[in-house]
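# Architecture and fold: a report
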Amino acid sequence: MRRPTRRQRLALAALLALAVVLVTVDYQGRAFGGLRAGTESVFGPLQHGVSAVVGPVGRFLGGIPHLASSGRRIDALRQQNDDLRRQLAEQALDTARAEQLSRLTLLAGLGQYRVLPAAVIGFGPGPGFEWVATLDVGARDRVVPGQTVVSGDGLVGRVKQVGATTCTVVLAADPGSSVGGRIAGSGQLGLVTGNGTAAMRLTLLDPNARVSAGDRLVTGPYGASTYVAGVPIGEITEVGADTGGVGPRTATVRPYVAFTRLDLVGVVLTGPRTDPRDSVLPPKPPR
Amino acid sequence: MTAARTAGALLAVCVAVLLQATVISRLPLPGGTPSLVLLLVIAIGFSAGTTAGLFAGFVAGATVDLMSDHPLGVAAICLALGGFVAGTLLDNGTRGVARSLLLVVTIAGVVQLLYAALLALLGARGGSVLHGLAGAVGYDALLAPLVLPVVAAVERRLRSVR
């Protein structure tokens, strides 16, 4: 213990008194704004410099107590991120499905068809280059061979084989598929043949029939065709040369259905009591 | 007190204030923050004597005040007292290390208590100082064995500079 000298005690008293005066003055009226600003302008840049140099170190040191929990947190957030991503993707899929279903319902309502909704679970030009799709409905759902399959856009194909819970559909795009068609308005009959990824082909019964590009086709009676009537098939894009009544008149048809992008379709369980004629066709695009 | 020692003390105070503001106060330590400036003032009083501690404390306190929001002079009172008491109570080398350390921590605790009380009296946020007091004193106890020998060594070196 060093006993403070008289001078030291005096200095202490003087400094404390000065400090008390400073506190009083500053507390009353914030008298040292200039002094504070000066200190700020001296220490401010220095603080910036020191922060820039040691800031990362400080942040790193500060993070050490949380390293374990940070790792857990990162894992949890990653998990959450994955979940949300999947949910988002599923939601987009759900939205697309809902839209397809509503269009299918609209088409079924217009044509008075009783439609069983079904999802395409398998697809592709299978063995023998057949254009077939597998649906997730079967005999249990009262699906029988020969039933027409539609989507919200129009004709998809015809049920060929039925299992207990699945069935195989020959698509209208299959080269072996022939559908009886009728031109909307004029009522000219013809046979629509699939052509794979290329456009479909229409062969008219009457070689002298008047057809033009833009005419629209629905399913119609043709021989022993089991397709329900009135389902939109497609639009004529090009008319073959007039053979003068000698050969058959042909035309190219662009189908309404994108056969490579089938997802939600409907099996027509019961057809309409009366032919819906052209009422199911989408509205004619303005020219 | 020589010019070299005065300059050294001032420089040390500036560095301590800077480090306190930029690094130490930002460490997200649980329980409180160590006060490097306070430890430095106590260490100066401890190694350079009562007068040095008193004036170093006053200058450091005034600088802290000017960089803070509370009225000028609060920290100056506390730190000047701290430096003075440290210089009076601690006699360089005549006490054991453990007892010196205990005294340093006690002074630090009392000074911070006084600081909190004054802030509360003036209506500033004294409660926050009081809240982290125990933690702060604990960290001070950890930091003191690092700060004190360094200050003592530098002080001895500067004393020989004439």
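Residues numbered from 1 in each chain as written. Chains lettered and ligands numbered in written order. Predicted model: local features only at pLDDT ≥ 70, side-chain atom pairs only at ≥ 80, totals over all residues. Heavy atoms only, no water.

### A look at the overall build of chain A
When helices and strands are tallied, chain A shows three helices and 12 strands. A globule of 287 residues ought to have a C-alpha radius of gyration of about 19 Å, yet chain A, at 40 Å, is considerably larger. When each of the 287 residues of chain A is scored for burial, the buried share is 37%. For chain A, restricting intrachain contacts to residue pairs at least 6 apart in sequence, the fraction spanning at least 24 positions comes to 60%. (Helix = DSSP H or I, 4+ residues; strand = E, 2+ residues; numbered from the N terminus. Rg over C-alpha atoms; globule rule 2.2 N^0.38 Å. Buried < 20%, exposed > 50% of the residue type's maximum accessible area, 1.4 Å probe, protein only. Contact = heavy atoms within 4.5 Å.)

### Quick look at the pairing of strand E9 (residues 216-219) of chain A
All names here are of chain A. Side chains of E9 alternate between two faces, with Arg216 and Val218 and Leu217 and Thr219 buried alike. Bridge count for strand E6 (residues 178-183) against E9 is three bridges, and the pairing is antiparallel. Counterpart to glycine 181 in the pairing with E9 is threonine 219. Relative to strand E10 (residues 232-239), E9 runs antiparallel, the two sharing three bridges. (Pairing = 2+ DSSP bridges.)

### Here we look at the nonpolar core
Formed by 53 residues in total, the largest nonpolar core has its most connected members in Ile42(B), Ile44(B), Leu54(B), Phe58(B) and Val104(B). Of all the secondary-structure elements, those providing two or more residues to this core are helix H1 (6-29) of chain A together with helix H1 (3-22), helix H2 (36-48), helix H3 (50-67), helix H4 (74-89), helix H5 (97-121) and helix H7 (133-159) of chain B. The greatest single-element share of this core, amounting to 10 residues, is contributed by H2(B). Leave out the neighbours within four places in its chain, and Leu54(B) touches Gln8(A), Ala11(A), Leu12(A), Leu15(A), Ala80(B), Gly83(B) and Phe84(B). Counting 46 residues, the second-largest nonpolar core is a separate cluster that includes Val149(A), Leu155(A), Ala173(A) and Leu262(A). (Core = buried A, V, L, I, M, F, W, Y, C linked by side-chain atoms within 4.5 Å.)

### Considering the sheet that holds E9(A)
Residue and element names in this part refer to chain A. Read once around its circumference, the closed barrel built from six strands follows the order E6-E7-E8-E11-E10-E9, with strand pairing classed as antiparallel. Within this sheet the neighbouring strands show an average axis-to-axis angle of 40 degrees, counted without direction. Relative to strand E8 (residues 200-204), strand E7 (residues 189-193) runs antiparallel, the two being bridged by four bridges. From the neighbouring strand, threonine 193 faces E8, where its bridge partner is arginine 201. (Axes fitted to C-alpha atoms, helices over the stretch in contact; angles between N-to-C directions.)

### What to know about the confidence of the model for chain A
Residues of chain A with pLDDT of at least 70 account for 90%, and the chain-wide mean is 84. Averaged over each element, pLDDT in chain A is lowest for helix H2 (residues 33-63) of chain A (77) and highest for strand E3 (residues 148-150) of chain A (93). (pLDDT = per-residue confidence, 0-100.)

### Structural notes on the interface of chain B and chain A
Each side of the interface is counted separately: chain B has 39 residues, and chain A has 29 residues. With both chains or domains summed, chain B and chain A bury close to 3,100 Å², and 72% of this area falls on carbon and sulfur atoms. In terms of surface lost to chain A, no three residues of chain B exceed Leu18(B), Leu66(B) and Leu72(B), which account for 20% of the buried area on that side. Applying the counting rule to chain B against chain A returns zero salt bridges. At the boundary of chain B and chain A, one finds six residue pairs in polar contact (both at pLDDT 80 or more). When contributions to the side of chain B that touches chain A are tallied by element, the ones reaching two or more residues are H1, H2, H3 and H4 of chain B. Looking at the side of chain B that touches chain A element by element, the count peaks at nine residues for H3(B). Tallied by class, residues from the side of chain B that touches chain A come to 23 nonpolar, 11 polar and five charged. (Buried area = accessible area lost by both parts, 1.4 Å probe. Salt bridge = Lys/Arg side-chain N within 4 Å of Asp/Glu carboxyl O. Polar contact = N/O pair within 3.5 Å; in protein donor to acceptor, adjacent residues only side chain to side chain. Nonpolar A, V, L, I, M, F, W, Y, C, P; charged D, E, K, R; others polar.)

### Concerning a nonpolar patch on the surface
All names here are of chain B. Nonpolar side chains collect at one region of the surface, where Leu11, Val15 and Leu19 lie side by side and expose about 260 Å² of accessible area between them. In this structure, leucine 11 sits in helix H1. With a relative accessible area of 57%, leucine 11 lands in the exposed category. (Patch = residues over 30% accessible without salt bridge, like charges linked within 9 Å, V, L, I, M, F, W, Y side chains within 5 Å. Areas by Shrake-Rupley, 256 points an atom, 1.4 Å probe, with all protein chains shown as cover.)

### Here we look at the confidence of the model for chain B
Counting all residues, the mean pLDDT for chain B is 82, and 90% of those residues have values of 70 or more. Element-level pLDDT for chain B is lowest in helix H6 (residues 126-131) of chain B, with a mean of 63, against a maximum mean of 90 in H4(B).

### Observations regarding the environment of Arg249(A)
Residue and element names in this part refer to chain A. In this fold, arginine 249 is placed in the loop between E10 and strand E11 (250-255). Put simply, arginine 249 and asparagine 208 are 41 residues apart on the chain and 7.3 Å apart in space, counted from C-alpha to C-alpha. Residue contacts for arginine 249: discarding those within four places in its chain leaves Leu202, Thr203, Leu204, Asp206, Pro207, Ala209, Val211, Val239, Gly240, Ala241 and Asp242. Within the structure, arginine 249 has its side chain in polar contact with the backbone oxygen of alanine 209 (distance 2.7 Å).

### Brief notes about the packing of H1(B) against H7(B)
To describe two helices that pack against each other, one gives the angle between their axes and the distance between the axes. All names here are of chain B. Taken N-terminus to C-terminus, the directions of H1 and H7 make an angle of 150 degrees; their axes are 8 Å apart at the nearest point. Classified by the angle between their axes, H1 and H7 sit roughly antiparallel to one another. Crossing handedness for the pair H1 and H7: right-handed. Contacts from Ala4, Arg5 and Gly8 of H1 reach H7 at Glu155, Leu158 and Arg159. (Parallel < 35°, antiparallel > 145°, perpendicular 65-115°, else oblique. Left-handed = near helix turned anticlockwise from the far one by under 90°.)

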